[in-house]
Amino acid sequence: MTKAFVFSLLANSIVMKKYFMYAGILTVIGFLFYLGNIATSEWKEIKKYRNKLELGIAFVNPGDLYVVQDSLMKKSFFKVIGLTSDSSYCIAYGKDTSILPSDLGQSTILLKEGLLLDKHKNWVAEVLENQDNFNDKLDFLSKNEIDFMFSNNTIHGYDNGQPEMDFIFKLNLQYYFGGPLLLVILLLGLFILFYLFDMLTKALIPTKKYTILRLSSIIFVIVIYAFLNGKYMLFSSFYRDSSIGYVYVFLSHVLVLLAFQNISKRVERMPFEEKEIMKFFSIIILGLGCEFIFRLCFDFLLYNVQNQGNYDLKQKFTVFLVVSFKFWVLIASANFFNNLVKYISSLRRKSRQLQSVTAEAMISADALQQSEAHVNTHFLYNSLHAIAALAPVSPDKTETLALSLAKYYRYTTNRNDQAWISIKEDVEVLTAYLEVEKIRMGEKLSYSFEISEDAGNIKIPKFLVQPLVENAVKYGYDSETNLAKITIKAIRIGENRIKLIVCDSVNPFGDSMEIGIGLRNVKDQLKRFYSDRHTISFVNEPEKCVEILLNTKKMNQ
């Protein structure tokens, strides 16, 4: 119980360590989405109401709020309910002007030339969305009356219309504020891009040139990104449509790539969890550091030279930090998920391979045991029968037979259940077997081996040739000559093929030859271990032989 508890505790600790490693990465990703959600929510509040007159919008629309300030600084306010059939404006005047802020000239954010959005307009929402702030009685003003009011007083108007932006600009704003939906799409897109890039480079680039060509491909992608970044990303480059901006992006990203490649080589032998967390944070730290050097420090120096020091470093650093941090976290996250998917796929592939090999090994072990049991039982029965017959008449032969039998079983049983044996070792086993048979049969049996020098170390399945030799002894006896002559050959053909031949001196094979247990075991082993990489032939010319041709290419690898 104590050992089981300790083992369970250690296993849980390893699992928890993995979870802890992943938790660090997922926390950073979650933090990015959390900040993006907050920033996007605030942005929606900020852009909810605009100062109409600052934008040059003089049209009165339903839902607008207007604050009227006369020459004596007296204020009043009303909201536009709608338009009547005679084009008069239906309005509701406000009750208490004390709810208005003292300073109506709010600070603004310049997002694009001609597009100003107020930072603080929560008070507008509070006024408009509370019906108690307005009289129940509605008033009607003609267009001339509205125009007269606007021309003789100071007017601050606010509407809840959406700013007019093109598609690229909207995407830029969503990216800048970190819209969660856009971040998910970008992360998924980067992950797919990384995954396809890895697959294509491995499939198309030769192994010897893989590293150089892969780096070249990534640098080419960086060139394209640098151009698109400087052309379309409003907040990523401080020199839009400028070669300086392109160079900043290119140099910073290439430096990150080279430094990351060096770190990847150093951590390659680490466990997957530790390796990936090192890569994840390395990408973020390297990215921020390189961009800070190339795109902020150099920008500061160049701008000061050109504009006599009029450079707001604090504002630029804030924009840089927001955009750059978001970009490198997305890159690091996509790289992590890409590696994680490949790692899980490799584990599943190895698991399937292990299951396949284990199942095949179990089948092979069972078949080997059955084959060995058949050979050993049959051979042992014959040998013991011969010992019993020789014991009364020839004690010397009995002793020799018993010693040869012991030698044979020492070869066949002292193999630690190994399924493969070299041809050289198999010759020793077959020699011991034939020696026993020769003692039993006397001069009636003769045998020889013809093994080429380059074939001796090639491994073949255990007991592959034994049944063929046993059949030759059993059925190869020629009654006319009163002899059984057996020849065993092993000839290497080329680099990856070998031919095994067992010949005897008896009558040729007939058309209706019956297949016994021994030959069936041989065919089963060939099918199991060599699949479609073998042939077995029964030939009668120039002599009667069983020939097995094996393709050993995969075995050698």
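Scroll up for the structure.
This write-up is about the structure you can find in this document. (Residues numbered from 1 in each chain as written. Predicted model: local features only at pLDDT ≥ 70, side-chain atom pairs only at ≥ 80, totals over all residues. Heavy atoms only, no water.)

**A short note on the pattern of salt bridges**
In step 1: The final tally for this structure, using the stated rule, is seven salt bridges.
In step 2: Measuring nitrogen to oxygen at the nearest pair gives 3.8 Å for the salt bridge that ties Glu268 to Lys275.
In step 3: Residue Glu268 is classed as partly exposed on the basis of its relative accessible area, which comes to 45%.
In step 4: Looking at Lys275, the relative accessible area reads 12%, which means it is buried. (Salt bridge = Lys/Arg side-chain N within 4 Å of Asp/Glu carboxyl O. Buried < 20%, exposed > 50% of the residue type's maximum accessible area, 1.4 Å probe, protein only.)

**Considering the packing of aromatic side chains**
In step 1: Enumeration according to the criterion identifies 14 aromatic pairs in this entry.
In step 2: Taking the centre distance of 5.3 Å and the plane angle of 40° together, the rings of Tyr66 and Phe150 count as tilted. On the criterion of sequence distance, the pair formed by Tyr66 in strand S2 (residues 65–69) and Phe150 in helix H3 (residues 143–152) is long-range, its members being 84 residues apart. Side by side, Tyr66 and Phe150 carry an identical accessibility label, which is buried.
In step 3: What links up through ring pairs into an aromatic cluster is the set Tyr66, Phe78, Tyr93 and Phe150.
In step 4: A cation over an aromatic ring shows up here: Lys79 above the ring of Phe134, its NZ or CZ 4.7 Å from the ring centre.
In step 5: Just above the ring of Phe509 sits the side chain of Lys544; from NZ or CZ to the centre is 4.6 Å. (Phe/Tyr/Trp six-rings, centres within 6.5 Å; stacked < 30°, edge-to-face > 60°. Helix = DSSP H or I, 4+ residues; strand = E, 2+ residues; numbered from the N terminus. Lys NZ or Arg CZ within 6 Å of the ring centre and 35° of its normal.)

**Examining a positive patch on the surface**
In step 1: Together, Lys202, Arg348, Arg349, Lys350 and Arg352 make up a positively charged patch on the protein surface.
In step 2: Tallying contributions element by element places helix H9 (residues 313–390) first for the positive patch, with four residues.
In step 3: Residue position: Arg348 is located in helix H9.
In step 4: On the accessibility criterion, Arg348 (55% relative accessible area) is exposed. (Patch = residues over 30% accessible without salt bridge, like charges linked within 9 Å, V, L, I, M, F, W, Y side chains within 5 Å. Areas by Shrake-Rupley, 256 points an atom, 1.4 Å probe, with all protein chains shown as cover. Lys, Arg positive; Asp, Glu negative; His and termini not counted. Charge placed at Lys NZ, Arg CZ, Asp CG, Glu CD.)

**Things to note about the sheet that holds strand S14 (residues 534–539)**
In step 1: In spatial order, the strands read S10-S12-S13-S15-S14; together these five strands make up an open sheet with mixed pairing. Edge positions in the sheet fall to strand S10 (445–451) and S14, since each of these pairs with one other strand and no more. Ignoring strand direction, the axes of neighbouring strands in this sheet form an average angle of 10°.
In step 2: Along the sheet face, helix H11 (residues 423–441) touches S10, strand S12 (484–493) and strand S13 (497–503) and points at about 170° away from the line of S10.
In step 3: Contacts from helix H12 (residues 466–475) reach S12, S13 and strand S15 (545–551), with the element oriented near 155° to S12. (Pairing = 2+ DSSP bridges. Axes fitted to C-alpha atoms, helices over the stretch in contact; angles between N-to-C directions. Contact = heavy atoms within 4.5 Å.)

**Quick notes on the environment of Leu141**
In step 1: Here Leu141 shows up in strand S7 (residues 139–141).
In step 2: Using a relative accessible area of 12% as the deciding quantity, one classes Leu141 as buried.
In step 3: Not counting chain neighbours up to four residues away, the residues in contact with Leu141 comprise Ser88, Tyr89, Ile91, Tyr93, Ile146 and Met149.

**Thoughts on the packing of H11 against H12**
In step 1: Between H11 and H12, whose axes approach to 11 Å, the crossing angle comes to 15°. Viewed along their axes, H11 and H12 adopt a mutual orientation that is roughly parallel. Relative to H12, the crossing made by H11 is right-handed. Contacts between H11 and H12 involve Val429, Leu430, Tyr433, Leu434, Glu437 and Met441 on the former and, on the latter, Gln466, Val469, Glu470 and Val473.
In step 2: Within the contact of H11 with H12, the residues separate by chemical class into seven nonpolar, one polar and two charged. (Parallel < 35°, antiparallel > 145°, perpendicular 65-115°, else oblique. Left-handed = near helix turned anticlockwise from the far one by under 90°. Nonpolar A, V, L, I, M, F, W, Y, C, P; charged D, E, K, R; others polar.)

**Re the state of the cysteines**
In step 1: A full pass over the atoms with the stated rule returns one disulfide.
In step 2: Here Cys503 is linked by a disulfide to Cys545, with a sulfur-sulfur distance of 1.9 Å. Disulfide Cys503-Cys545: the torsion about the S-S bond is 100°, which places it as right-handed. Here the residue Cys503 occupies a position in strand S13, and Cys545 occupies one in strand S15, the gap between them amounting to 42 residues.
In step 3: We classify Cys503 as buried; its relative accessible area is 1%. (Disulfide = S-S within 2.5 Å.)

**Let's talk about the nonpolar core**
In step 1: Counting 43 residues, the largest nonpolar core has Ile423, Ile460, Val469, Leu500 and Leu550 as the members making the most contacts within it.
In step 2: Among the elements of the structure, helix H10 (395–413), H11, H12, S12, S13, helix H13 (517–530) and S15 are those that each provide at least two residues to this core.
In step 3: Considering every element that reaches this core, the biggest residue donor is H11, with 10 residues.
In step 4: If near-sequence neighbours (up to four positions away) are discounted, Leu500 is found in contact with Ile423, Ile460, Leu464, Val465, Lys489, Ala490, Val546, Glu547, Ile548 and Leu550.
In step 5: Listed in part, the 33 residues of the second largest apolar core include Val329, Ala332, Phe336 and Leu340. (Core = buried A, V, L, I, M, F, W, Y, C linked by side-chain atoms within 4.5 Å.)

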